[in-house]
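This is what each chain is made of:
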Amino acid sequence: VQLQASGGGLVQAGGSLRLSCVVSGFTFVDYGIGWFRQAPGKEREFVAGISSSGTNTRYADAVSGRFTISRDNAKNTVNLQMNSQKPEDTAVYYCAADWDSWPSLRPSEYNYWGQGTQVTVSS
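Residues numbered from 1 in each chain as written. Predicted model: local features only at pLDDT ≥ 70, side-chain atom pairs only at ≥ 80, totals over all residues. Heavy atoms only, no water.

A. Main features of the layout of surface pockets. Approximately 150 Å³ is the volume attributed to the largest pocket. If you trace the largest pocket, you find it lined by Arg37, Ala39, Lys42, Glu43, Glu45, Pro87, Glu88, Thr90 and Ala91. Of the residues contributing to the lining of the largest pocket, the split by class is 3 nonpolar, 1 polar and 5 charged. (1 Å grid on protein atoms, 1.4 Å probe; cavity = no way out; pocket = protein on both sides within 12 Å on 5 of 7 lines; lining within 4 Å. Points joined across faces, edges and corners; volume = space filled by probe spheres on them. Nonpolar A, V, L, I, M, F, W, Y, C, P; charged D, E, K, R; others polar.)

The structure is reproduced here in structure tokens:
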């Protein structure tokens, strides 16, 4: 099982980044996918999630209207488009797979995790 997150980097406030998560080793279309982030000294928090079919999405209030999650089941890929970024978006971002087709808000509900990608937003 592998979830390979990429696309992180350094961006100025107001800028954009696009994260990708490529999945292998399990039946991708059966799983809801979530993006989480963890800043130094803070707990891991939910950012965005997408249902197994891609029909439904959910977002944390802090990113709603700025971030967009999408998936391509033919390519086993989930993307997170991050626009209008703020310094408080700085964190390590992780993608994760939830056996439940509707992704949970709680990290403990997820079955598989990627290794994380660093996002730094400068002011």
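What follows continues from the structure just given.
B. Representation of the packing of aromatic side chains in the model. Per the stated rule, a full pass over the model turns up 9 aromatic pairs. Ring geometry for Phe36 versus Phe46: centroids 5.6 Å apart, planes at 80°, classification edge-to-face. Of this pair, Phe36 sits in strand β4 (residues 32-38) while Phe46 sits in strand β5 (residues 45-50), placing them 10 residues apart in sequence. With respect to burial, Phe36 and Phe46 carry one shared label: buried. Taken together, the ring pairs connect Phe36, Phe46, Tyr94, Tyr110 and Trp113 into an aromatic cluster. Over the aromatic face of Trp113 sits the side chain of Arg44, whose NZ or CZ is 4.8 Å from the ring centroid. (Phe/Tyr/Trp six-rings, centres within 6.5 Å; stacked < 30°, edge-to-face > 60°. Helix = DSSP H or I, 4+ residues; strand = E, 2+ residues; numbered from the N terminus. Buried < 20%, exposed > 50% of the residue type's maximum accessible area, 1.4 Å probe, protein only. Lys NZ or Arg CZ within 6 Å of the ring centre and 35° of its normal.)

C. A look at the side chain of Ser20. Inspection of the secondary structure assignment puts Ser20 in strand β3 (residues 17-24). Overall, the relative accessible area of 19% leaves Ser20 in the buried class. At 2.7 Å, the side chain of Ser20 forms a polar contact with the side chain of Asn79. (Polar contact = N/O pair within 3.5 Å; in protein donor to acceptor, adjacent residues only side chain to side chain.)

D. Focus on the state of the cysteines. Enumeration over the complete set of coordinates arrives at 1 disulfide. Across the disulfide, Cys21 is cross-linked to Cys95 (sulfur-sulfur distance 2.1 Å). Because the sign of the S-S torsion sets the handedness, a value of about 70° for the bond joining Cys21 and Cys95 places this disulfide among the right-handed ones. Here the residue Cys21 occupies a position in strand β3, and Cys95 occupies one in strand β9 (residues 91-98), the gap between them amounting to 74 residues. Looking at Cys21, the relative accessible area reads 0%, which means it is buried. (Disulfide = S-S within 2.5 Å.)

E. The arrangement of the pattern of salt bridges in detail. Counted under the stated rule, the structure contains 4 salt bridges. Two residues, Arg66 and Asp89, come together in a salt bridge whose shortest N-O distance is 2.8 Å. Note that Arg66 is positioned in the loop between β6 (57-59) and β7 (67-72) and Asp89 in the loop between β8 (77-82) and β9, a separation of 23 residues in sequence. Under the relative-accessibility criterion, Arg66 is labelled buried at 10%. With a relative accessible area of 1%, Asp89 lands in the buried category. Among the charged side chains, a salt-bridge network with shared partners connects Arg37, Glu45, Arg66 and Asp89. (Salt bridge = Lys/Arg side-chain N within 4 Å of Asp/Glu carboxyl O.)

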